[in-house]
Amino acid sequence: MFKQSYITPKYYNPYSFVPLSEHVFNYTKEEKTQFLYANDIPFKDGISGKITVEFEAKSPFCVKSQDKENCNINRKFFIPSTSIKGMIRSVFEIITLSNIRNQSENSRFSMRDLTSKDYDLKSEKPKGGFLFLLNGNYYIIPGDHWQMTYDDIEDEEGVNVKYGKSAEEKYRLLKNGYIFQTEDDRIHYWVFSGFINNKKHEYDFALPLSINPDKLVPIEEKELKDFVFIHEQENKNKTWDFWKKEMRNFNSIEDLKKAKYKGLAPCFYRIKEENGHICVKDLGFTNLYRMPYQNKVHDSLPIQHKEENLDMAQALFGYTQSDRKDKSETSLRGRIRFSNAFIENAEIEGEHTFILGSPKPTFYPFYLKQERGRKITFAAEKPIISGWKRYLLHKEAQEGNGQKKDCESSFVALKAGATFKTDIYIHNLHPYEVGALLAALTFCNHNECYHSLGYAKPFGYGKMKLTNIQLDLEPNTESNHDLKQETLINEFKEKVVENTRMSIDNYDRYIRPLIHIASGNYSDHSIRYPELKEFKDIKSGKANIPIFD
């Protein structure tokens with residue numbers, strides 16, 4: 001029998017994941033009500049005061065403001081309070097069994113994979129039409145379209161547009177613009193997209209002779225939101241960027257005629273029937289556009305993380321949430337505040353340039369749990385995300401050697417050995433909440449662990465060691481409550497056991513991957529991103545996934 005052989009990478013991907021627990025910390029209804037007034041009404045067992053912590057940089061680091069350099073006031077370098085807060089909160093969310101739903105956007109990612117059976121556009125050709133903004137709402141005007149070779153376009157326009165890098169650059173080559181009219185009085189658009197090797201054609205799109213308002217195909221809010229996310233955030237689409245600037249908001253079809261039909265965006269689209277009427281299913285700017293996956297991020301969570309609940313991270317740090325239905329906001333003010341931290345013995349280490357991008361969540365071999373012999377994508381029946389993302393800790397930071405191209409970023413790092421101190425002011429926290437904060441700072445008293453801060457963490461920058469912690473705490477009432485660090489962390493663990501009904505042993509097993517990743521104790525392999533061929537091997541199943549486990 002033939003046995004599949006797999007390439008075993010001799011390196012680790014720069015990030016790994018702490019798997020999600022089957023338990024989620026969830027407050028009772030009475031506890032939730034308590035927190036609504038926690039800033040004004042003191043808890044009987046409440047604690048207030050200050051925790052002072054000191055860190056030492058074990059690798060070069062940079063927390064940029066606007067320019068390449070670390071934040072500074074007249075060359076006095078500092079770490080903003082928000083950056084320190086984010087560094088600690090990222091650990092806090094994991095150790096407190098927070099609901100990852102509360103910390104993640106419910107985005108719908110997209111795919112364009114001609115090798116996948118899930119990519120429907122290989123067999124289902126989309127229609128051609130024009131994106132039309134009418135009284136603030138988006139519609140498609142159905143039209144006709146034809147493929148046109150570059151020779152055909154040159155015969156018509158007298159210019160060769162083949163080698164333009166973007167659609168906008170190609171349109172600038174046209175002497176009379178991208179709109180033209182034929183002898184049958186139909187209005188046409190030249191529809192170009194960016195340069196691709198071996199590309200042989202572009203498109204000619206034509207509006208109908210008469211635009212019937214009843215034939216417009218509406219785009220519903222959720223499909224429009226998915227389209228905007230895919231083309232503006234997931235992948236910054238230059239063609240959409242061009243057409244978005246060209247589009248106008250019309251009051252009527254008569255206004256479109258007066259504008260000589262300029263202000264539309266030609267596109268490809270598919271339709272679906274929903275609630276008894278036809279509407280747009282998805283759309284893009286090539287006939288093989290990025291197709292939205294069936295499942296969104298929150299569809300890919302374990303069942304315990306799908307429910308809306310208040311978790312400890314929200315209760316302590318606060319939150320603001322938007323309600324999509326009535327467009328209102330609910331919020332809770334946090335009971336914890338970090339100070340800015342001025343850096344002692346700061347020395348310039350040098351400028352570095354890297355490509356700081358990384359594989360997107362659509363790279364399913366990394367971001368979704370995989371099964372042997374089966375590709376699990378966001379199109380699978382029940383995909384499950386890999387967990388909480390964490391960067392590995394390099395032994396030494398890499399040297400920046402970029403060429404300062406458009407896709408690269410530069411920063412000026414400060415040397416390892418610099419130190420900084422921050423004060424954490426707490427107000428009316430339960431003892432177990434103080435314990436949770438201390439557990440996040442100390443990785444549950446694991447001194448071998450490091451925090452990560454600032455730029456270029458995938459390349460070994462921003463490795464921070466907690467070196468000192470001082471407690472200046474005061475209970476709300478006169479009591480003999482033990483305010484020592486060890487006691488408070490144990491109270492936090494007891495609260496977790498009481499709330500989730502998991503054992504201490506199970507909890508320790510849950511945080512073990514976090515401790516392992518944060519310890520930097522994995523020197524047998526190098527740490528780097530896979531190269532292009534390796535990405536293809538991983539996706540095709542020829543290579544194992546180089547994620548640290």
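Cut-offs used in this document
Residues numbered from 1 in each chain as written. Predicted model: local features only at pLDDT ≥ 70, side-chain atom pairs only at ≥ 80, totals over all residues. Heavy atoms only, no water. Helix = DSSP H or I, 4+ residues; strand = E, 2+ residues; numbered from the N terminus. Contact = heavy atoms within 4.5 Å. Areas by Shrake-Rupley, 256 points an atom, 1.4 Å probe, with all protein chains shown as cover. Lys, Arg positive; Asp, Glu negative; His and termini not counted. Charge placed at Lys NZ, Arg CZ, Asp CG, Glu CD. 1 Å grid on protein atoms, 1.4 Å probe; cavity = no way out; pocket = protein on both sides within 12 Å on 5 of 7 lines; lining within 4 Å. Points joined across faces, edges and corners; volume = space filled by probe spheres on them. Nonpolar A, V, L, I, M, F, W, Y, C, P; charged D, E, K, R; others polar. Patch = residues over 30% accessible without salt bridge, like charges linked within 9 Å, V, L, I, M, F, W, Y side chains within 5 Å. Salt bridge = Lys/Arg side-chain N within 4 Å of Asp/Glu carboxyl O. Buried < 20%, exposed > 50% of the residue type's maximum accessible area, 1.4 Å probe, protein only. Axes fitted to C-alpha atoms, helices over the stretch in contact; angles between N-to-C directions. Parallel < 35°, antiparallel > 145°, perpendicular 65-115°, else oblique. Left-handed = near helix turned anticlockwise from the far one by under 90°. Core = buried A, V, L, I, M, F, W, Y, C linked by side-chain atoms within 4.5 Å. Pairing = 2+ DSSP bridges.

Draft legend 1. Fine view of the overall build of the protein chain. Scanning the protein chain from N- to C-terminus turns up 13 helices and 28 strands. For the protein chain, the spread of C-alpha atoms along the principal axes amounts to about 95 × 70 × 50 Å. Considering only residue pairs separated by 6 or more positions, the protein chain has 76% of its internal contacts joining residues 24 or more positions apart. Just so you have it, the protein chain exposes about 28,800 Å², and 46% of that area is on carbon and sulfur atoms. If the 79 positive side-chain charges of the protein chain are averaged to one point and the 78 negative ones to another, these points end up 3 Å apart.

Draft legend 2. Up close: empty space enclosed by the protein. Within the structure shown, the criterion is met by 2 cavities of 30 Å³ or more. Its volume calculated, the largest cavity comes out at about 70 Å³. Among the elements of the structure, α5 (221-234) and β16 (277-284) are those that each provide at least two residues to the lining of the largest cavity. Roughly 40 Å³ of volume is contained in the second largest cavity. Surrounding the second largest cavity, Tyr 391, Leu 392, Leu 393, His 394, Ser 452, Lys 457, Gly 460, Tyr 461 and Lys 463 form its lining. A per-class count over the lining of the second largest cavity returns 4 nonpolar, 3 polar and 2 charged.

Draft legend 3. Spotlight on a negative patch on the surface. Together, Asp 151, Asp 152, Glu 154, Asp 155 and Glu 156 make up a region of like negative charge exposed at the surface. Its place among the elements puts Asp 151 in helix α3 (residues 150-157). On the accessibility criterion, Asp 151 (54% relative accessible area) is exposed.

Draft legend 4. Here's a closer look at the packing of helix α2 (residues 81-95) against helix α12 (residues 504-519). Viewed as axis vectors pointing N to C, α2 and α12 meet at an angle of 150 degrees, and their least axial separation amounts to 10 Å. In terms of orientation, α2 lies roughly antiparallel with respect to α12. Seen from above, α2 lies across α12 with right-handed handedness. Here Val 91, Ile 94 and Ile 95 of α2 come into contact with α12, specifically with Tyr 507, Tyr 510 and Leu 514.

Draft legend 5. The packing of α2 against helix α10 (residues 431-442), seen in detail. Relative to each other, α2 and α10 sit at 115 degrees, their axes nearing to 8 Å. Considered as vectors, α2 and α10 are oriented roughly perpendicular to each other. Considering how the two elements wind past one another, α2 and α10 form a crossing that is right-handed. Contacts between α2 and α10 pair Ile 88, Val 91, Phe 92 and Ile 95 from the former with Ala 436, Leu 437, Ala 439, Ala 440 and Leu 441 from the latter. Tallied by class, the residues present in the contact of α2 with α10 amount to 9 nonpolar, no polar and no charged.

Draft legend 6. Quick peek at the nonpolar core. In this structure, Leu 441 and Tyr 507 are the most contacted members of the largest nonpolar core, which totals 140 residues. Residue contributions to this core peak at 8 residues, all from α10. In terms of nonpolar packing, the next biggest core, distinct from the first, is built from 17 residues, Tyr 11, Cys 62, Tyr 367 and Phe 535 among them.

Draft legend 7. Highlighting the pattern of salt bridges. Summed over all chains, the structure comprises 29 salt bridges. Here Glu 223 ties to Lys 222 by a salt bridge, and the two come within 3.8 Å at their closest N and O atoms. Assessed through its relative accessible area of 8%, Glu 223 is described here as buried. Using a relative accessible area of 40% as the deciding quantity, one classes Lys 222 as partly exposed. Taking the shortest distance from any N to any O, the salt bridge between Glu 274 and Lys 222 comes out at 3.1 Å. Placement of Glu 274 in strand β15 (residues 265-274) and of Lys 222 in helix α5 is noted, with a sequence separation of 52 residues between them.

Draft legend 8. Quick peek at the sheet that holds strand β12 (residues 201-206). Strands sit in the order β9-β12-β11-β10 across an open sheet of 4 strands; the sheet is antiparallel. Edge positions in the sheet fall to β9 (144-149) and β10 (179-181), since each has one partner strand and no second. Across the sheet, the mean angle separating the axes of adjacent strands is 30 degrees when strand polarity is ignored. Judged from the 6 bridges that link them, β9 and β12 form a sheet pairing that is antiparallel. Residue pairing for β12: Met 148 is matched across the bridge by Glu 202. Helix-sheet contacts for α3 involve β9, β11 (187-191) and β12, and the interaxial angle to β9 is about 95 degrees.

Remember, this is a structural readout, not a statement about activity or role.
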